[in-house]
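Breakdown of the fold
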Amino acid sequence: VVGAEVHNFELVDLSYAPEIAQVMLVRQQAEALVEARRLLVGSAVDMTHQALGQLEAKGVVLSESARENMTSNLLAVICSHSPTTPTVQLKS
């Protein structure tokens, strides 16, 4: 009987065609971006909830529309990639 017996095999180099490698990289980057967004939004929700809770703990009474407005504003500011501009609403 003639032959060879393989005891160990290691893949040293694995190469993909450039177009396949590029697609795989884009997919990997997209998955990382989605995961980062999940983390960012989850943290923004927690921060907003905590901010509203702290205001209530200090005796600030907010109407339902004020809570909704503050929640919307805080989430927009925390999740935004651009600098925010403070504004003051003036009622006449």
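Quick look at the structure, then. The structure displayed is predicted, hence computed values, not measured ones. (Residues numbered from 1 in each chain as written. Predicted model: local features only at pLDDT ≥ 70, side-chain atom pairs only at ≥ 80, totals over all residues. Heavy atoms only, no water.)

1. Overview of the overall build of the protein
Counting its regular elements, the protein contains two helices and zero strands. Computed over the C-alpha atoms, the radius of gyration of the protein is 27 Å, more than 25% above the 12 Å expected from 2.2 N^0.38 for a compact globule of 92 residues. With the C-alpha coordinates of the protein rotated into their principal frame, the extents come out at 95 × 30 × 20 Å. Out of the 92 residues in the protein, the part that is buried amounts to 4%. Carbon together with sulfur atoms contributes 60% to the accessible area of the protein, which is approximately 8,500 Å² in total. Once the 6 positive and 10 negative side-chain charges of the protein are each reduced to a mean point, those two points are 19 Å apart. (Helix = DSSP H or I, 4+ residues; strand = E, 2+ residues; numbered from the N terminus. Rg over C-alpha atoms; globule rule 2.2 N^0.38 Å. Buried < 20%, exposed > 50% of the residue type's maximum accessible area, 1.4 Å probe, protein only. Areas by Shrake-Rupley, 256 points an atom, 1.4 Å probe, with all protein chains shown as cover. Lys, Arg positive; Asp, Glu negative; His and termini not counted. Charge placed at Lys NZ, Arg CZ, Asp CG, Glu CD.)

2. Some points on the environment of Gly59
Within the secondary structure, Gly59 is located in the loop between helix 1 (18–57) and helix 2 (64–79). Measuring from C-alpha to C-alpha, the distance between Gly59 and Pro86 comes to 24 Å, with 27 residues separating the pair along the chain.

3. Side note on the side chain of Thr48
Relative to the elements of secondary structure, Thr48 occurs in helix 1. Residue Thr48 is classed as buried on the basis of its relative accessible area, which comes to 3%. Beyond its immediate chain neighbours, meaning those up to four positions away, Thr48 contacts Thr71, Leu74, Leu75 and Ile78. (Contact = heavy atoms within 4.5 Å.)

4. Side note on helix 1
Its 40 residues place the ends of helix 1 58 Å apart at the C-alpha level, agreeing with the 58 Å of an ideal helix rising 1.5 Å per residue. Ala44, Thr48 and Leu52 are the residues of helix 1 that are buried. Among the structural elements, helix 2 are those in contact with the buried residues of helix 1. The first or second residue beyond helix 1 is Gly59, which carries a positive phi of 90 degrees. (Expected span 1.5 Å × (residues − 1).)

5. Brief notes about the pattern of salt bridges
Applying the stated rule across the entire model yields three salt bridges. One salt bridge connects Arg27 with Glu31, and the closest N-O pair in it is separated by 3.2 Å. Note that Arg27 and Glu31 are positioned in helix 1 at a spacing of four residues, about one turn of the helix. Given the relative accessible area of 58%, Arg27 is considered exposed. (Salt bridge = Lys/Arg side-chain N within 4 Å of Asp/Glu carboxyl O.)

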